[in-house]
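Commentary on secondary and tertiary structure
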Amino acid sequence: MLSDELVKGLNDQMNYEFYAAHSYLAMAAYCSAESYDGFANFFLVQAEEERFHAMKFYNFINALGERAKIQALPEPNNSFSSILDAYEKALVQEKEVTKKIYHLSDLALDAREHATINFLKWFIDEQVEEEDLFDSIIQKLKRIENDSNAFFMLDDEFSKRSFTPEAE
Ligand SMILES: [Fe+2]
Ligand SMILES: [Fe+2]
């Protein structure tokens with residue numbers, strides 16, 4: 001039997017992953033409005049990934065015999081000054097997620113809830129990849145700042161990105 005605190009923590013994280021999807025959708029909309037279809041596609045795929053993360057929590061909560069509670073989502077940030085700004089804000093958000101996953105893991109460790117500890121390991125690895133991904137794109141964008149050809153090539157590259165859920 002999981003503690004109420006741990007169930008609440010898992011539930012909050014599910015909702016935060018839905019919020020992250022929402023937030024990436026706002027970034028995609030900004031890129032679309034600026035006619036950067038590749039960057040827009042990147043964020044649309046990212047939003048799908050976050051929804052997939054949320055559903056992992058949803059399914060896990062169900063499997064524990066608990067009930068997921070779907071909450072209202074806060075309005076995400078809709079204002080960006082550039083593509084780089086969107087990626088920088090994305091990295092800040094991913095760092096926030098990492099903090100939350102670590103906190104949740106601490107709770108599970110304290111409660112010796114091994115199934116939950118194991119479940120959260122996937123997210124710990126995922127966050128390393130997410131932070132690394134955004135960090136490297138930010139570095140690239142900074143390097144090609146005044147090179148519009150390279151910028152459009154990156155936009156084109158991202159138009160090919162698609163959502164592939166990782167095997168369990
Ligand atoms: Fe996520
Ligand atoms: Fe993420």
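Residues numbered from 1 in each chain as written. Chains lettered and ligands numbered in written order. Predicted model: local features only at pLDDT ≥ 70, side-chain atom pairs only at ≥ 80, totals over all residues. Heavy atoms only, no water.

**Looking at the side chain of E113**
- Here E113 shows up in the loop between α3 (83-110) and α4 (114-143).
- Buried and without a salt bridge, E113 has R112 as its closest oppositely charged side chain, separated by 10 Å.
- Apart from residues lying up to four places away in sequence, E113 is in contact with M1, L2, L6 and A108. (Helix = DSSP H or I, 4+ residues; strand = E, 2+ residues; numbered from the N terminus. Buried < 20%, exposed > 50% of the residue type's maximum accessible area, 1.4 Å probe, protein only. Lys, Arg positive; Asp, Glu negative; His and termini not counted. Salt bridge = Lys/Arg side-chain N within 4 Å of Asp/Glu carboxyl O. Contact = heavy atoms within 4.5 Å.)

**Observations regarding α4**
- The end-to-end C-alpha distance of α4, which contains 30 residues, comes to 44 Å, matching closely the 44 Å that a straight helix rising 1.5 Å per residue would cover.
- Residues of α4 that are buried include every one of T116, I117, F119, L120, F123, E126, Q127, E130, F134, I137, I138 and L141, and no others. (Expected span 1.5 Å × (residues − 1).)

**Re the coordination of the iron ion (ligand 1)**
- Ligation of the iron ion (ligand 1) by protein atoms is provided by E17 (OE), E50 (OE) and H53 (ND1), these donors lying 2.1 to 2.2 Å from the ion.
- Each donor residue of the iron ion (ligand 1) belongs to the same chain, with the gaps between them written as E-x32-E-x2-H. (Donors = N, O, S within 2.8 Å, 3.2 Å for Na, K, Ca; no water.)

**Examining the coordination of the iron ion (ligand 2)**
- Distances from the iron ion (ligand 2) to its protein donors, E50 (OE), E94 (OE), E94 (OE) and E130 (OE), fall within 2.0 to 2.6 Å.
- Of note is the iron ion (ligand 2), whose 4 donor atoms meet at the metal with angles of 53 to 142 degrees in an arrangement that counts as irregular.
- Here the donor residues of the iron ion (ligand 2) share one chain and are spaced in sequence as E-x43-E-x35-E.
- In this structure, the iron ion (ligand 2) lies 3.4 Å from the iron ion (ligand 1), and both are coordinated by E50. A residue pair is termed long-range when its members are at least 10 positions apart, and E50 in helix α2 (residues 37-63) and E130 in helix α4 qualify at 80 residues. (Tetrahedral: all angles 85-135°; square planar, octahedral: opposite > 155°, others 65-115°.)

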